Amino acid sequence: MAENKTWRGKTGGTQRMQKTLIRWFRYIDTRLIFWLTVPWVIGSIIVMPRERKAAYHYWRRRHNKKPLKACLCVWKQFYAMGHVVLDRFAAFAGQHFDIQVYDENNIMHTLQHGEKGFVILSSHVGNQELAGYFVPSVKPLHILIYLGDTAIMNRERERLFATRKMFFLPMQTDGSHIFEMHEVLQKGEALSIHADRMFSDTRTITADFLGAKAVFPQGPFRLAAVEEVPVVTMFMLRTGHNRYQLRIYNLSKATDKDLSSRQLSNALLQRYVHKMEQVLRDFPEQWFNFFEFWTEETANAANKK
Amino acid sequence: MNHMINKEELKNQIILALNLEGMQPADIDDAAPLFGEGLGLDSIDALELLMVMDKNYGIKFANKEESKAVLASIDTMAEYIDNHRTK
């Protein structure tokens, strides 16, 4: 049910742990710190049975892995998650990353230099936060966030943001952030929204995703359609130690102007899902939604409660 | 001079813009709240209504507080359109 899919936007660990990690990344060779991932992965797999089970279902049902292979893949997925989280702290500590950029038809460059505002529909595939820090940025970028993270994480983000034109746009319980998002786009600036997580009482829309029905929030797609602005999606995919591939895809088409806002909203969802499927075929272990994402699994989990 | 807004016409525009399938203008009470317990519209619906007011009547809002008050009901929308429309 929807409650399983809501998100509080919080990075794991206490504030003291997070502060220590950032300090370590400043002074210690990062490869040593990455050994921390191993006990973290073991610990997480043990103490997070619901997440482990959801990951297992992801591999069994969405990638048709045999039981033993699926277990191994769950380990790889948690391990990849550990690296991605640590890379976030490495970025806070000022680490350098090699990033190979694939910008479909030079769309990001075009939008960054155009007059119109645009929407980035992001997801929990790869290291989305890092993408925000390293995507070529000419226009101010506003990132819709749930203000549930620790003061340390938010302070470090703000420090990194200060060097770039990036701003938090906090979600409000009365939905009034929609008007601020509208203003951002009207000013011709960029807006980034997660389109694969629900934030309580969200209206939903269903799509075929990796061979089964999955539920997505309507809001990001409807907003982009109502505003009639260009839409892209991007994925920051880890390819090695301090190495990433940034893939940017255009989700808008010239024929979109002939569609009603409802039709366009549905079309954007289909294109977003299609690109996510494409990326997950290449990087299946970088899927970081550790809950029953698909309708069938969600219904089964609810019935067992 | 601009003519007074017809509330039925406004309701039709809202039904069309928000794709409220199966709903007729008569189903919308002029004084009932459009959001929450009324029509149950959400904040993106509100944004669509602001677009309708801009496109059809040339009305732009300076701040979200004002727009929230205007979008409270059909009555408040109609009154505001009558006083502020530019087309």
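All values derive from a computational prediction rather than experimental measurement.

Caption draft 1: Focus on the overall build of chain B. The helix and strand inventory of chain B stands at four helices and zero strands. Starting at the N terminus and ending at the C terminus, chain B contains elements arranged as α-α-α-α. The C-alpha radius of gyration of chain B comes to 12 Å, within 12% of the 12 Å expected for a compact globule of 87 residues. If you line up chain B on its principal axes, its C-alpha atoms span 35 × 25 × 20 Å. Evaluated residue by residue, chain B yields a buried proportion of 28% over its 87 residues. Contacts spanning at least 24 positions in sequence make up 64% of the contacts within chain B whose residues lie at least 6 apart.

Caption draft 2: The overall build of chain A, seen in detail. A tally of regular secondary structure across chain A gives 13 helices and nine strands. Taking all 305 residues of chain A together, 39% fall into the buried category. Across chain A, every contact between residues at least 6 apart in sequence was considered, and the portion connecting residues at least 24 apart equals 79%.

Caption draft 3: Quick peek at the interface of chain B and chain A. Each partner contributes to the interface: chain B provides 10 residues, whereas chain A provides 12 residues. Of all the secondary-structure elements, those providing two or more residues to the side of chain B that touches chain A are α2 (43–57) and α3 (64–70) of chain B. Broken down by element, the residue count for the side of chain B that touches chain A peaks at six residues, all from α2(B).

Caption draft 4: Structural view of the sheet that holds strand β4 (residues 166–170) of chain A. Residue and element names in this part refer to chain A. Taken in spatial order, the seven strands make up an open sheet running β1-β9-β8-β2-β5-β3-β4, and their pairing is mixed. Each edge of the open sheet is held by one strand with a lone partner, namely β1 (98–103) and β4. Adjacent strand axes in the sheet meet at a mean angle of 25 degrees, parallel and antiparallel pairs treated alike. Where β1 and strand β9 (residues 243–250) come together, six bridges link them in parallel fashion. In the strand pairing of β9, Ile 99 is matched with Tyr 244.

Caption draft 5: Quick peek at helix α1 (residues 7–18) of chain B. All names here are of chain B. Relative to the 16 Å expected for 12 residues at 1.5 Å per residue, α1 spans 16 Å between its end C-alpha atoms, a close match to the ideal helical length. All of the buried residues along α1 are Leu 10, Lys 11, Ile 14 and Leu 18. Looking straight down α1, one finds its buried side chains confined to an arc of 100 degrees; they lie on one side. Residues Glu 9 and Leu 16 are exposed on α1 and point more than 90 degrees away from its buried face. Check the buried side of α1 and you find it contacts α2 and α4 (74–84). Two residues or fewer past α1, Asn 19 is found with a positive phi of approximately 55 degrees.

Caption draft 6: Representation of the pairing of β9(A). Residue and element names in this part refer to chain A. The buried count for β9 comes to six of eight residues, which makes it a mostly enclosed element. Bridge count for strand β8 (residues 231–240) against β9 is eight bridges, and the pairing is antiparallel. Across the sheet, residue Phe 235 finds its bridge partner in β9, namely Arg 247. Between β8 and β9, which follow one another and run antiparallel, lie two residues, and Asn 242 among them has a positive phi close to 55 degrees.

Caption draft 7: View of helix α5 (residues 49–62) of chain A. All names here are of chain A. In a regular helix each residue adds 1.5 Å, so 14 residues correspond to 20 Å; α5 covers 19 Å between its end C-alpha atoms and thus fits that length. Within α5 the residues assigned to the buried category are Ala 54, Ala 55, Tyr 58, Trp 59 and Arg 62. Seen along its axis, α5 keeps its buried residues to an arc of 135 degrees; they face one direction. Projecting away from the buried face of α5 at angles above 90 degrees are the exposed residues Pro 49 and Arg 50. Structurally, α5 contributes buried residues whose contacts are with α6 (67–92). Of the residues one or two after α5, Asn 64 is the one with positive phi, at around 50 degrees.

Caption draft 8: Molecular detail of the pairing of strand β2 (residues 118–122) of chain A. Residue and element names in this part refer to chain A. When you tally the buried positions in β2, you get five out of five residues, the bulk of the element. Both faces of β2 are covered, namely the face carrying Phe 118, Ile 120 and Ser 122 and the face carrying Val 119 and Leu 121. Taken together, the five bridges between β2 and strand β5 (residues 190–194) define a ladder with parallel strand orientation. Along β5, the bridge assignment pairs Val 119 with Leu 191. The pairing of β2 with β8 spans three bridges and is parallel. Pairing of Val 119 across the sheet is with Val 231, part of β8.

Caption draft 9: Just the nonpolar core, in detail. The biggest cluster of nonpolar side chains holds 90 residues, and the ones touching the most others in it are Val232(A) and Leu268(A). Ranked by residue count, the leading element in this core is α6(A), at 10 residues.

Caption draft 10: Here's a closer look at the environment of Ile143(A). All names here are of chain A. Relative to the elements of secondary structure, Ile 143 occurs in strand β3 (residues 141–145). Sequence spacing of Ile 143 and Lys 53 is 90 residues, and the spatial spacing of their C-alpha atoms is 31 Å. If near-sequence neighbours (up to four positions away) are discounted, Ile 143 is found in contact with Gly 132, Met 166, Phe 168, Leu 169 and Ser 192.

Caption draft 11: View of the environment of Phe235(A). Along the chain, the position of Phe235(A) falls in strand β8. Phe235(A) sits 111 residues away from His124(A) along the chain, and the two C-alpha atoms are 8.8 Å apart.

Criteria and thresholds
- Residues numbered from 1 in each chain as written.
- Chains lettered and ligands numbered in written order.
- Predicted model: local features only at pLDDT ≥ 70, side-chain atom pairs only at ≥ 80, totals over all residues.
- Helix = DSSP H or I, 4+ residues; strand = E, 2+ residues; numbered from the N terminus.
- Rg over C-alpha atoms; globule rule 2.2 N^0.38 Å.
- Buried ≥ 20, exposed ≤ 12 C-beta atoms within 10 Å, placed from the backbone.
- Contact = placed C-beta atoms within 7 Å.
- Pairing = 2+ DSSP bridges.
- Axes fitted to C-alpha atoms, helices over the stretch in contact; angles between N-to-C directions.
- Expected span 1.5 Å × (residues − 1).
- Arc of directions from axis to C-beta.
- Core = buried A, V, L, I, M, F, W, Y, C linked by C-beta atoms within 7 Å.

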